[in-house]
Amino acid sequence: MAEAHQAVGFEFTVHPDGVDVKLSKEVLKNIYLSSLTAWRKKAIKLKRLVKMLSGRRPLLYSFQAALPRLPVPRVKDTIEKYLESVRPLLDDKKYKQMEVLAHNFKENEASQLQRYLVLKSWWTTNYVSDWWEEYIYLRSRGPIMVNSNFYIMDLLYVTPTHRQAARAGNIVHAMLQYRRKLERGELAPLRALGTVPMCSTQMERMFNTTRIPGIETDFVLHLTDRKHLVVFHRGRYFQVWLYTGGRHLLPSELENQFQQILNDTSKPQPGELKLAALTAGDRVPWARTRLKYFSQGPNKESLDAIESASFFLTLDEEPQGYDPENVYSLDTYAKSLMHGKCYDRWFDKSFNLISYPNGKMGVNIEHSWADAPIVGHMWEYVLATDCFHLGYTEEGHCKGDVNRCLPSPTRLKWEIPEQCQDVIHASYLLARHLADDVDFHGHLFTEFGKGLIKKCRTSPDAFIQLALQLAQFRDQGVFCLTYESSMTRMFRDGRTETVRSCTSEAAAFVLAMEDPDATNAQRLALFRKAADKHQNMYRLAMTGSGIDRHLFCLYIVSKYLGVESPFLTKVLSEPWKLSTSQTPQQQINLVDINKFPKYVGAGGGFGPVADDGYGVSYIIVGENLITFHISSKFSRHNTDSTRFARHIRKAMIDIQTLFKQEKDKSAVENGKDVHLENNKKNM
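It should be emphasised that the depicted structure is a prediction, and the values quoted were computed from it without experimental measurement.

So, about the overall build of the chain. In terms of regular secondary structure, the chain is built from 20 helices and 20 strands. Among the 683 residues that make up the chain, the fraction classed as buried is 58%. Put simply, 80% of the contacts in the chain that link residues at least 6 apart link residues at least 24 apart. Looking at the chain as shown, the accessible area adds up to about 28700 Å², and 53% of this sits on carbon and sulfur atoms.

Right, let's talk about the packing of helix 3 (residues 75-86) against helix 4 (residues 92-107) for a bit. Running from N to C, helix 3 and helix 4 point in directions that differ by 170 degrees, and their axes come no closer than 11 Å. The angle between the axes of helix 3 and helix 4 places the two elements in the roughly antiparallel class. Residues Val75, Lys76, Ile79, Tyr82, Leu83 and Val86 of helix 3 touch helix 4, and the partners they reach there are Tyr95, Met98, Glu99, Ala102, Phe105 and Lys106. Of the residues assigned to the contact of helix 3 with helix 4, the class counts are nine nonpolar, no polar and three charged.

Each aromatic ring pair is specified by the distance between its two centres and by the angle formed by the two planes. This model, assessed by the stated rule, comprises 33 aromatic pairs. Seen in terms of ring centroids, Phe207 and Phe351 are 5.6 Å apart; in terms of plane orientation they differ by 80 degrees. Their pairing is edge-to-face. Note that Phe207 is positioned in the loop between strand 3 (196-197) and strand 4 (209-212) and Phe351 in strand 11 (residues 351-355), a separation of 144 residues in sequence. The class of Phe351 is buried, set by a relative accessible area of 0%. Through a chain of ring-to-ring contacts, the aromatic side chains of Phe232, Tyr237, Trp286, Phe294, Phe312, Trp346 and Trp414 assemble into a single cluster. One Lys or Arg, Lys120, reaches over the ring of Trp131 and ends 3.6 Å from the middle of that ring. For the cation-ring pair, Arg549 lies above Trp132, with the distance from its terminal atom to the ring centre recorded as 3.9 Å.

This brings us to the sheet that holds strand 14 (residues 438-445). Pairing is mixed in the open sheet, where six strands are placed in the order 14-20-19-17-15-16. Each of the sheet's edge strands pairs with one partner strand only, and the pair in question is strand 14 and strand 16 (496-500). The mean angle between the axes of side-by-side strands here comes to 20 degrees, regardless of whether they run parallel or antiparallel. Here helix 18 (residues 548-561) sits on the sheet and contacts strand 15 (482-487) and strand 16; the angle it forms with strand 16, its principal contact strand, is near 115 degrees.

All right, on to the environment of Thr496 then. You can see Thr496 is positioned in strand 16. Thr496 sits 367 residues away from Ser129 along the chain, and the two C-alpha atoms are 8.8 Å apart. Among the polar contacts made by the side chain of Thr496, one reaches the side chain of Arg549 at a distance of 2.9 Å.

Our focus in this paragraph is the pairing of strand 17 (residues 578-582). The buried fraction of strand 17 is high, at four of five residues. In terms of strand pairing, strand 15 meets strand 17 through three bridges, oriented parallel. Bridging across to strand 17, Tyr483 finds its partner in Ser579. Two strands pair when backbone bridges link them, and strand 17 and strand 19 (residues 614-621) are joined in this way by five bridges, in the parallel orientation. For Thr580, the partnering residue across the bridge sits in strand 19 and is Val616.

A few words on the pattern of salt bridges. Under the defined criterion, the tally for this structure stands at 40 salt bridges. For Asp154, the salt bridge goes to Arg167, with nearest N and O atoms at 2.7 Å. With a gap of 13 residues between them, Asp154 in the loop between strand 1 (150-153) and helix 7 (164-184) and Arg167 in helix 7 connect regions that are remote in the sequence. Asp154 gets classed as buried once you look at its relative accessible area, which sits at 0%.

What follows deals with helix 11 (residues 329-338). Counting buried positions over the ten residues of helix 11 gives eight, a clear majority of the element. Residues of helix 11 that are buried in the fold lie against strand 1, strand 11, strand 12 (361-365), strand 14 and strand 18 (604-606). One or two residues past the end of helix 11 sits Gly340, with phi positive at roughly 55 degrees.

Across the sheet, eight strands lie side by side as 13-7-6-10-11-12-1-18; this open sheet has mixed pairing. Both edges of this open sheet fall to strand 13 (410-411) and strand 18, since each of them pairs with a single strand only. Strands in contact with helix 8 (residues 251-263) are strand 6 (228-233), strand 7 (236-241) and strand 10 (312-315); relative to strand 6, the strand with the most contacts, it is inclined by about 30 degrees.

With respect to the helices and strands, the residue Gln535 is situated in helix 17 (residues 520-542). Gln535 gets classed as partly exposed once you look at its relative accessible area, which sits at 25%. Residues within four places of Gln535 in sequence aside, it is in contact with Ser459 and Ala462.

Counting 99 residues, the largest nonpolar core has Met175, Phe258, Met378 and Trp379 as its most contacted members. Considering each element in turn, this core owes the most residues, ten residues, to helix 12 (residues 372-390). Shared between two domains, this core holds at least three residues of each, these being domain 1 (75-133 + 440-669) and domain 2 (143-437). Apart from the residues within four sequence positions on either side, Phe258 is in contact with Ala165, Ala168, Gly169, Val172, Leu229, Val231, Leu313 and Leu315. Listed in part, the 51 residues of the second largest apolar core include Val230, Phe232, Cys420 and Val438.

This part is about the pairing of strand 15. Judged by how many residues are buried, strand 15 sits mostly within the fold: six of six residues are covered. Because side chains alternate across strand 15, one face comprises the buried residues Thr482, Glu484 and Ser486, and the other comprises Tyr483, Ser485 and Met487, equally buried. The pairing of strand 15 with strand 16 spans five bridges and is classified as antiparallel. Within strand 16, the position partnered with Tyr483 by the bridge is Arg500.

Here is what the cut-offs are and how they apply
- Residues numbered from 1 in each chain as written.
- Predicted model: local features only at pLDDT ≥ 70, side-chain atom pairs only at ≥ 80, totals over all residues.
- Heavy atoms only, no water.
- Helix = DSSP H or I, 4+ residues; strand = E, 2+ residues; numbered from the N terminus.
- Buried < 20%, exposed > 50% of the residue type's maximum accessible area, 1.4 Å probe, protein only.
- Contact = heavy atoms within 4.5 Å.
- Areas by Shrake-Rupley, 256 points an atom, 1.4 Å probe, with all protein chains shown as cover.
- Axes fitted to C-alpha atoms, helices over the stretch in contact; angles between N-to-C directions.
- Parallel < 35°, antiparallel > 145°, perpendicular 65-115°, else oblique.
- Nonpolar A, V, L, I, M, F, W, Y, C, P; charged D, E, K, R; others polar.
- Phe/Tyr/Trp six-rings, centres within 6.5 Å; stacked < 30°, edge-to-face > 60°.
- Lys NZ or Arg CZ within 6 Å of the ring centre and 35° of its normal.
- Pairing = 2+ DSSP bridges.
- Polar contact = N/O pair within 3.5 Å; in protein donor to acceptor, adjacent residues only side chain to side chain.
- Salt bridge = Lys/Arg side-chain N within 4 Å of Asp/Glu carboxyl O.
- Core = buried A, V, L, I, M, F, W, Y, C linked by side-chain atoms within 4.5 Å.
- Domains from an automatic or database assignment.

Everything listed here is a matter of coordinates, which is why it stays silent on function.
Structure (structure tokens):
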């Protein structure tokens, strides 16, 4: 997903000095520190295990200690799979050069790097995850807005109330219910395919969490027992308490709090309006500004209130959401969730809840602490609780009485000098330029969905990925390195792995589709072969046999040891011009979408990974809908998100037509057989 943007050409900032023995100590020290973190997690999990054994029903963390460690693949296997993955992208000469680089790496530096990696895998619970978080996310010095953060939309067709404060009240209350279940471990354990336990570690930092900027690297601050929320509205920041008398505020009480903010006519303080632009721009200016202007006095108190808040809520001023009468409605909705005005989301918070005046909602998520399925799990629970458990009055208000004695929301105080305002403005200009360059397009594919694809006896994901390859080739005229995000949460502390979807089999199928002399039977045979290949690669990625995280960690070790590897440098600098991800849904099955087909999510998306490429997120909703979220950059004239959506639609229909023609041909042949049989009987 969005991590692909950071996984290309990142700069490594550890530069140990001295001879090889000192360099070895540097990497051993890093492995040791990783192991300390792992053992702290083990201690916490042991406490949970003791608690779990005292009850019968499995809790969220019941299977955590039993999860296996992510295995370190053999270098030989990784290199073979890598060379296979780039074969359709390189001509014979360039492929031969890559073979030489790979062979030299395997015969020389690989064994030394692999030894350290195996050692780390023994000492830590996961040999990838801590380095992935640090070097892919936290050490990135560019803007996290668009480049890293991602978004999730509201229900596609349904808006349960058009009262902004009421919808926000129900949603926030449902989030507090979810947080309480999460903190108590009362949520059902996550399972792949409904049976295989999955790691729940990422969920621990969902609430009360903020990314803190640093000069060389950021860090993630996670707190416990936070009892307030910070709300942004029209350039002002308000603190809202979420508890009274030892209980959560009721939805009706939260509605009243938010309505007070909406009714407030006070003006922003000097420098307050665009303050959050600091979180949207480059990280180093933000880190320096934070140290210089927000380390004492009212600025520190107010910043502490934001960074220690349960999460961040924006009461937006412009309505958003899907409008069937406006083909571009999802585009503006996506851009609003992705970057807004560049100063009305606190992009460092674990997530920003965004409320619109027409009752629609959405979420912007900081990526370092977790991946999309984690937030998707929470969002499914919240939307189902909002619509089917909490509900609204006939007038659209939250149900229940209001305690009028509750304290009103309080304004946060700021004293922002002009020099600081200059930095804020510079960050805003940079972020605005980045935001204005993003070309988003949302496309609802309604011709068919999962139901018909399964009748074709193929995986829906493989079907869509091959359609994306066909669309990409028609759009650009060449094949490109393609990133599909797969999860590795069947392993302890697992996050993601990459499926390289542009295979030789996929390329052969695409070329056959574009060859007017190819028969339908030939195209179908190549499709099935490519689909089987894709499914096998996805299984390998999920089960710890992917290649990209292994190559990434080998590269990290090489930098610690001061070992130059032309092969790894080449691999880690290759751009992902097509980055794709499937948004999971129905993770907790709280809503029967066959019974309530209008209560489906719209999915979410992320910014383009390569400047001259596409980012594509898709959600397979029920049996007859697939929603695509497509991003690219206006500044690159070879890309166009709306055009790419048309290519995707045509590719999907063209592939389905192959199966329809096969079915029609089979029906005709069966009809001929019946006719011949009848003639024989009549003779």
